[in-house]
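Residue-level listing of the chains:
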Amino acid sequence: MEAILQRPIAGIDYGQLPASLDYARAEQRVLRQLIQGLIFEAVLPVAEETAAGPEGWHSLALTGRGADGSEVRYVALGKRKASFGRICLAQRPVQRLAVDGSRRDATLTDFLGEVLAEVVPPQRLPGFMNELQQTLLKDAQSRAMSGMPTAPDLNWDHDAWEGRLQEGHPYHPSYKSRLGFSLEDNARYGPEFRQAIRPIWLAVARTDCRLSISASVALGTFLREELGDATLTRFRQQLVTGGCRAQDYAFLPVHPWQWSHVILPTFQAELASGRLVCLGQADDDYRAQQSIRTLANVSRPQRSSLKLALSITNTSTSRILAAHTVENSARISDWLHDLVARDVTARHCGVIILREVLGVAYDVSRLAAPRRALAYGTLGAVWRESLHRYLRPGERALSFNGLTQLAGSGAPMLDGWVRRYGVERWSQRLLEVTMTPLIHMLYAHGIGLESHGQNIVLVHRDGWPERIGLKDFHDGVRYSVSLLAEPGRAPDLVPEPASHATVNRNSYIQTDDAAEVRDFTYDAFVFICLTELCLCLEQHYGLPEATFWAMAAETVHAYQMAHPGLKERFALFDLFTETVSIEELTRRRLFGDGEKRFAQRDNPLHPFRFVAGE
């Protein structure tokens, strides 16, 4: 299938953006996604009536108060799905109904003022309103400027896909907030705009930083391979010319936005004293991947990707890099890589562990308390292996969440592959390829992986799923040492400081609860990845939800029958349990992180817990 790209607009008048059709479409998406979360997480009561038309659709209404105190209703057509009870609204405008019977398309501003203002604490509502308004503007900008493909080129490589997967999180209400970026920043650094980016390189006194180095690399050789002889020599000569000894410094790349907005203002004293030295740019161009703060090398794709601290907030989280997570990065990666290398089943699956081979972070504990809080997590980088180093001849790859995103034609990106191989055959193969290594890590080793749509890379051959790559481990694993298959091999981790919970209460690695380990995989992979795939396949290709989850259960049963020696582990990490704990992402944005926000939801695998005949 040949890709036909709509011509990207070189520039637009942002003042005209709110009057555009792109803005209107983005506004309705923000509203639908917000309302789906509010109803699913039971934030607001909903009036639900059977709607005329196809079976299963309901009229869903939320009630609010207008400026004059009169009742208003916001009505959408939707379904409650078997998949966790998720709410899916029809792709049509949400309607605002006034008490006098008048009706019009709803606006985000009215909904926030008339409905959410009734339930959200007044001190939190302005911040949440800003998140949604920023999401709306940036989604509209993305639609107007980025050039969505009418149909994808199925021969794109992974890096090309990353710049065309612009939908953002499929459930989160603030799916593209990117708080801290102006629209100009967004056009310069947002992944969907596919702009070349060159990091700013700093030299940091080694006594002021914390390093994490993989056993697989020799630091000097690695830096020479990554930077090239000429650039490495130039950087070292700059230090010598400035009266410094090159061996006393570590090199650290910084995102250009972070340099001008955070590092230069925050670290003026260190730059003045020579504890930090600005070296300028290297020669390679990078492009932002979906996570925004991770940059892929486009000049030399075999070189590492750079994950850089970025003091913006997107979806639920500040995109800083806390020093303890940087320091743990190579330790966790080496552990997982060694585990897979020694594991017959993992090797048979062909799973790729994209190691984080080097991490450098400024040690803010050396700063006085007021500056320590200001600088926390703002200066750090992690080097991650390039996927291109692992692909075999004929293999291509894309992130899992790219499968269900829609092209300009309205068809999913996976359309060509599903039609070529057949929806059931292709889906069963996809489930086998993706689920098997993840449940093996859980059952056989006691390790939960935060395998959301950006962290799973599907490797395929002409669209036929072959294997997966996994990434982002520095804060994306969860386990209990006592429940590991090989507790003696567990990495010696730097613990998270107590203050880190105030930044991200859900960012921790070790737990004593087996259910937390299971649900760490379940929440990201099953609740988001598999559910979105399930709903996409039903909507576009008629594959029933029950059929999809039966195939998923069959994959688990097949694994269990092939590994009878793990029977006790199947009960310990029960994937067929009646309910599972799912993070409430909407409540988290509405009410803050003062407490963990999880709810028990019906498990769509539970009805298929028995093998036929049992």
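Residues numbered from 1 in each chain as written. Predicted model: local features only at pLDDT ≥ 70, side-chain atom pairs only at ≥ 80, totals over all residues. Heavy atoms only, no water.

1. A look at the overall build of the chain
Right, on to step 1. If you tally the helices and strands in the chain, you get 19 helices and 25 strands.
Right, on to step 2. Over its C-alpha atoms the chain spans a radius of gyration of 25 Å, differing by no more than 12% from the 25 Å that the globule rule assigns to 614 residues.
Right, on to step 3. Based on the C-alpha atoms only, the size of the chain along its principal axes is roughly 80 × 60 × 50 Å.
Right, on to step 4. For the chain, the proportion of its 614 residues judged to be buried stands at 59%.
Right, on to step 5. Within the chain, counting contacts between residues at least 6 apart in sequence, those at least 24 apart form 75% of the total. (Helix = DSSP H or I, 4+ residues; strand = E, 2+ residues; numbered from the N terminus. Rg over C-alpha atoms; globule rule 2.2 N^0.38 Å. Buried < 20%, exposed > 50% of the residue type's maximum accessible area, 1.4 Å probe, protein only. Contact = heavy atoms within 4.5 Å.)

2. Some remarks on helix α1 (residues 21–40)
Right, on to step 1. With 20 residues, α1 extends 29 Å between its outermost C-alpha atoms, agreeing within 8% with the 28 Å of an ideal straight helix rising 1.5 Å per residue.
Right, on to step 2. Counting buried positions along α1 gives 16 out of 20 residues, so the element sits mostly inside the fold.
Right, on to step 3. Following α1 by one or two positions, A42 has its phi on the positive side, about 55°. (Expected span 1.5 Å × (residues − 1).)

3. Observations regarding empty space enclosed by the protein
Right, on to step 1. Considering all chains together, one arrives at six cavities of 30 Å³ or more under this definition.
Right, on to step 2. In terms of lining residues, the largest cavity is bounded by 16 residues, among which H158, Q289, S305, S386 and L387 are the most central.
Right, on to step 3. When contributions to the lining of the largest cavity are tallied by element, the ones reaching two or more residues are α4 (158–162) and β12 (294–297).
Right, on to step 4. Partitioned by chemical class, the residues of the lining of the largest cavity number five nonpolar, six polar and five charged.
Right, on to step 5. What the second largest cavity holds in volume is close to 80 Å³.
Right, on to step 6. Every element with two or more residues in the lining of the second largest cavity is listed here: α14 (423–445) and α16 (514–541).
Right, on to step 7. Of the residues assigned to the lining of the second largest cavity, the class counts are 10 nonpolar, one polar and no charged. (1 Å grid on protein atoms, 1.4 Å probe; cavity = no way out; pocket = protein on both sides within 12 Å on 5 of 7 lines; lining within 4 Å. Points joined across faces, edges and corners; volume = space filled by probe spheres on them. Nonpolar A, V, L, I, M, F, W, Y, C, P; charged D, E, K, R; others polar.)

4. Quick notes on the nonpolar core
Right, on to step 1. Counting residues in each nonpolar core, the largest one holds 118 residues, and the members touching the most others are F111, L116 and L336.
Right, on to step 2. By residue number, the principal contributor to this core is α16, which donates 13 residues.
Right, on to step 3. Each of two domains, domain 1 (17–146) and domain 3 (394–484 + 506–608), supplies a minimum of three residues to this core.
Right, on to step 4. Counting residues in hydrophobic clusters, the runner-up holds 54 residues, among them V204, V277, L279 and L367. (Core = buried A, V, L, I, M, F, W, Y, C linked by side-chain atoms within 4.5 Å. Domains from an automatic or database assignment.)

5. Points about the packing of α1 against helix α3 (residues 125–145)
Right, on to step 1. Between α1 and α3, the least distance of the axes is 8 Å, while the angle of their chain directions is 135°. When the axis of α1 is compared with that of α3, the two are oblique. By crossing handedness, the relation of α1 to α3 is classed as right-handed. Residue-level inspection shows D22, Y23, R25, A26, E27, R29, V30 and L34 of α1 in contact with α3, the latter providing F128, L132, Q133, T135, L136, L137, D139, A140, R143 and A144.
Right, on to step 2. Residue classes in the contact of α1 with α3 are distributed as 10 nonpolar, two polar and six charged. (Axes fitted to C-alpha atoms, helices over the stretch in contact; angles between N-to-C directions. Parallel < 35°, antiparallel > 145°, perpendicular 65-115°, else oblique. Left-handed = near helix turned anticlockwise from the far one by under 90°.)

6. So, the packing of α14 against α16
Right, on to step 1. Relative to each other, α14 and α16 sit at 175°, their axes nearing to 12 Å. Overall, the two elements α14 and α16 adopt an arrangement that is roughly antiparallel. Of α16, the residues touching α14 (which contributes V423, S427, L430, L431, T434, M435, L438 and L442) are V517, R518, F525, L530, L533, L537 and Y541.

7. Some words on the layout of surface pockets
Sizing a probe to match a water molecule and rolling it over the atoms shows the empty space that remains.
Right, on to step 1. By volume, the second largest pocket amounts to about 340 Å³.
Right, on to step 2. Around the second largest pocket sit 14 residues that line it, and H348, C349, E432, V433 and T436 are the ones nearest its centre.
Right, on to step 3. The set of elements that each furnish at least two residues to the lining of the second largest pocket consists of α11 (344–349), α14 and α17 (545–562).
Right, on to step 4. When residues in the lining of the second largest pocket are grouped by element, the largest group, six residues, is from α14.
Right, on to step 5. Looking at the lining of the second largest pocket residue by residue, the classes come out as five nonpolar, five polar and four charged.

As far as function goes, none of this settles anything; it's purely spatial.
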